[in-house]
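Chain residues, written in single-letter form:
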Amino acid sequence: MGQRPHTGQKALGRRAKPWLFAPGRPYLHGLPINRPLFASPTHRKSLGMKILPPVSIETRRFVPDKWDVVAAVLVIGFIVALADASRTVILPLARIQAEPLSLAPAALPYYALLTALRMLIALGVSLVFTFTYATLAAKSARAGALLIPLLDILQSVPILSFISVTTLFFLSLAPGMELGAEFVVIFAIFTSQAWNMAFSFYQSLRTVPAELMEAGRMFGLTGWGRFWRIEVPFAMPALIWNMMMSMSGAWFFITVAEAISVGHINIAVPGIGSYIALAISRRDLPAIGWAILAMAIVILIFDQLLFRPLVSWADRFKIDVEPSEEAPESWALMVYRRSRLLERLTAPFAAGMRRTYRIRPPDMLSGRGESARRSSRRGQIIVYTILGLGLVLALWKAVGFVGQSLSLADVGAVIFLGLLTALRVFVLIALASLIWTPIGIYVGLRPRLTAFVQPVAQFLAAFPSNLFFPIAVSAIVAFRLNPDIWLSPLMILGTQWYILFNVIAGASALPRELRYASQNLHVGGWLWWRRVALPMVFPYYVTGAITASGGSWNAAVVAELASWGNRTVEAHGLGAYIMQASNNGDFHRIVLGTLVMSGFVVIINRVLWRPLYNFAERKFRLT
């Protein structure tokens, strides 16, 4: 019989782990605060503090328990799955053609494993891109003036265009091996994830409260320390929601990514996406049903083992004086926290990161004199000159390439098709905003409802528009409907959730003090929406609307040309133009369509979304 734990230990849980603090210096989220060390156990728990357990408990720390067993099973299972899926990448590429895909339900677990691992790898690459690209754009006004318009262009480029341009390059990196095809698929999935996450992180970095940054300077944190201890935690809740949306966006385009078709190159790597593409071409409805079931299971696993723990963990980073009354819970996070094995495995990395927080990078302009400033300006002029010349050269090459076989009349026709697609995008974004903004605010203010809506929205957002082709094509043909109208909803099916997820993230970050103040002042009805709710979520909504708009242009490539077996229904638009050019291997028309689409997205962002973004950053920032 063990000794009954004391009150402080019981308040933190039986398996509380030690966190050594300097005497008299308790910490809040890793930062010391001026509070007495000998606070009540409940107060210590609200501060995120861990209490040093008795010696009798500390002596048993090296004995594995049930949490270590569960954690070991999860870690070993992931390593085995990764090793099993990785063994095929060194095999000859011809094996894919020699072993055609199977529509048998028994093949789906292996296909689902391959697709899930590709998405995880692409998500990791997207995080690295987000932390570097978005940070540089947010920290440097000069860099942001170039990087943000470039990000607008990148998110407007259709995934088919990325695949068409990069397929030969990635295949050449591993000639004759499946690894080259995997590079193509992972890069295509990356292009469906990264831009949304980068926009979200950029928006969060631009709206960090000035008081938090000043507190970091007072505690002696360098820019590197403030980034990891203040800025990243502040941005983490919104970033996690956008990671979920990015994963769903990858599901939306998975059929295009895994079933590569560029001119004479046709490669279908094993996965759920290629399985769905084969089922659609064969008009096999039972196989589509099995694919939907496999998608649902994989999305549920992602939710339970990855995203739900992240949402629960990120709840600590909300700007609130009081702890949340309905904090999100996760059984997986409890396993991760109570496992001594995971703690010991991650301890060296955590210790190394903490040591870097006070490292000061060398000051390249230590003199701060006039000569140093002139040198800095001279370097910036050189860099921007090189970038400008590179941009002009790229445009000149692209125009020359298109002009080899296309005329001005062709360009005018493509611009007209772009106007038709732009009209659809505007109407659909407006309808989605009217529907999902109030719903997102309502859900985000209720953590328990958020926990229920989160996996459901992920599942609905993950549905590739191809899965609706049987219904859309059959209904349009049977009732003789206009494809220009009735194919349009397919464009917004996967992108409307960007608005919902960002609004939920914004509403979840609403400080409780502001809610209490509105209640005490009896602010309700439309006044509450106009003065409290909508201003608080507006920066998040703009981020969601920008990515939803860019995603809708991308989805037009898939949605404006629907096929079911030997039946094809086409809407007039730029997306159908690019899809036909890709199927025919006509690179001149692919480049022309991509240039026109990028031009439309950049102009719309510059004229509409960017002013709204700047207004939200200036007007509705927490200070």
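Keep in mind that this is a model prediction, so the values were computed, not measured.

**Student:** A description of the overall build of the protein chain should follow, citing residues and the corresponding values.
**Tutor:** A tally of regular secondary structure across the protein chain gives 28 helices and six strands. Put simply, 80% of the contacts in the protein chain that link residues at least 6 apart link residues at least 24 apart. Total accessible area computed for the protein chain in this model is approximately 30300 Å², and 68% of it derives from carbon and sulfur atoms.

**Student:** Pulling in residues and values, what's your account of the nonpolar core?
**Tutor:** Within the largest apolar cluster, 157 residues are counted, with the highest numbers of intra-cluster contacts made by Trp251, Ile267 and Trp553. For this core, the element with the highest residue contribution is helix α26 (residues 525–559), accounting for 17 residues.

**Student:** Which residues make up the packing of helix α6 (residues 108–139) against helix α7 (residues 141–156), and what values do they have?
**Tutor:** The N-to-C vectors of α6 and α7 enclose an angle of 130 degrees; their axes lie 6 Å apart at closest approach. The angle between α6 and α7 places the two elements in the oblique class. Between α6, through Phe129, Tyr133, Leu136, Ala137 and Lys139, and α7, the contact on the second element is made entirely by Ala141, Ala143, Gly144, Leu147, Ile148, Leu150 and Leu151. Of the residues in the contact of α6 with α7, the class split is 10 nonpolar, one polar and one charged.

**Student:** Which residues make up the pairing of strand β4 (residues 265–268), and what values do they have?
**Tutor:** Burial of the side chains of β4 is restricted to one face: Ile265 and Ile267 are buried, whereas none of Asn266 and Ala268 on the reverse face is. Here strand β3 (residues 259–262) runs beside β4; their pairing, made up of four bridges, is antiparallel. Residue pairing for β4: Ala259 is matched across the bridge by Ala268.

**Student:** Summarise the packing of aromatic side chains; cite the residues concerned and give the values.
**Tutor:** By the definition in use, this model includes 24 aromatic pairs. Pairing Trp528 with Trp529 gives two aromatic rings, centres 5.4 Å apart and planes at 85 degrees, and the pair type is edge-to-face. By the ring-pair criterion, three or more aromatic residues cluster together here, those being Phe129, Tyr133, Phe162, Phe169, Phe170, Phe183, Phe187, Phe190 and Trp195. In this structure, Arg446 packs its charged tip against the face of Tyr442, placed 3.7 Å from the ring centre.

**Student:** Could you give an account of unusual backbone geometry, naming the residues involved and the relevant values?
**Tutor:** Phi is positive for Arg283, which is not a glycine, with a value near 55 degrees. For Arg283, a relative accessible area of 41% gives the class partly exposed. Backbone geometry at Arg480 places phi at a positive 55 degrees, although glycine is not the residue there. For Arg480, the location among the structural elements is in the loop between α21 (469–479) and α22 (483–486). Arg480 sits in the exposed class, given a relative accessible area of 78%.

**Student:** Can you tell me about the confidence of the model for the protein chain, naming the residues and giving the values?
**Tutor:** Mean pLDDT over the protein chain works out to 79, with 83% of the residues at or above the 70 mark. Within the model, the stretch residues 43–61 combines pLDDT values under 50 with 42 contacts to residues more than four positions away or in other chains. Contacts from residues 363–369, a stretch scored under 50 in pLDDT, to residues over four places away or in other chains number four contacts.

**Student:** How would you explain a positive patch on the surface if you had to name every residue and give the values?
**Tutor:** On the surface, Arg530, Arg531, Arg618 and Lys619 cluster together to form a positively charged patch. Only α26 and α28 (587–619) provide two or more residues apiece to the positive patch.

**Student:** Tell me about the environment of Trp251, and please be specific about residues and values.
**Tutor:** Here Trp251 is to be found in helix α12 (residues 223–252). Separated by 211 residues in the primary sequence, Trp251 and Ala462 place their C-alpha atoms 4.8 Å from one another. Contacts of Trp251, omitting those with residues within four sequence positions, involve Thr115, Met119, Ile272, Met295, Val298, Ile299, Ala462 and Pro464.

**Student:** Give a description of the pattern of salt bridges that names residues and reports values.
**Tutor:** Here the structure, examined in full by the defined rule, presents eight salt bridges. Note that Glu258 and Arg118 form a salt bridge whose closest N and O atoms lie 2.8 Å from each other. Of this pair, Glu258 sits in helix α13 (residues 254–258) while Arg118 sits in helix α6, and the two are 140 residues apart along the sequence. What makes Arg118 buried here is its relative accessible area of 4%. Residues participating in the shared-partner salt-bridge network are Arg118, Glu182 and Glu258.

Parameters at a glance
- Residues numbered from 1 in each chain as written.
- Predicted model: local features only at pLDDT ≥ 70, side-chain atom pairs only at ≥ 80, totals over all residues.
- Heavy atoms only, no water.
- Helix = DSSP H or I, 4+ residues; strand = E, 2+ residues; numbered from the N terminus.
- Contact = heavy atoms within 4.5 Å.
- Areas by Shrake-Rupley, 256 points an atom, 1.4 Å probe, with all protein chains shown as cover.
- Core = buried A, V, L, I, M, F, W, Y, C linked by side-chain atoms within 4.5 Å.
- Buried < 20%, exposed > 50% of the residue type's maximum accessible area, 1.4 Å probe, protein only.
- Axes fitted to C-alpha atoms, helices over the stretch in contact; angles between N-to-C directions.
- Parallel < 35°, antiparallel > 145°, perpendicular 65-115°, else oblique.
- Nonpolar A, V, L, I, M, F, W, Y, C, P; charged D, E, K, R; others polar.
- Pairing = 2+ DSSP bridges.
- Phe/Tyr/Trp six-rings, centres within 6.5 Å; stacked < 30°, edge-to-face > 60°.
- Lys NZ or Arg CZ within 6 Å of the ring centre and 35° of its normal.
- pLDDT = per-residue confidence, 0-100.
- Patch = residues over 30% accessible without salt bridge, like charges linked within 9 Å, V, L, I, M, F, W, Y side chains within 5 Å.
- Salt bridge = Lys/Arg side-chain N within 4 Å of Asp/Glu carboxyl O.
- Lys, Arg positive; Asp, Glu negative; His and termini not counted.
- Charge placed at Lys NZ, Arg CZ, Asp CG, Glu CD.

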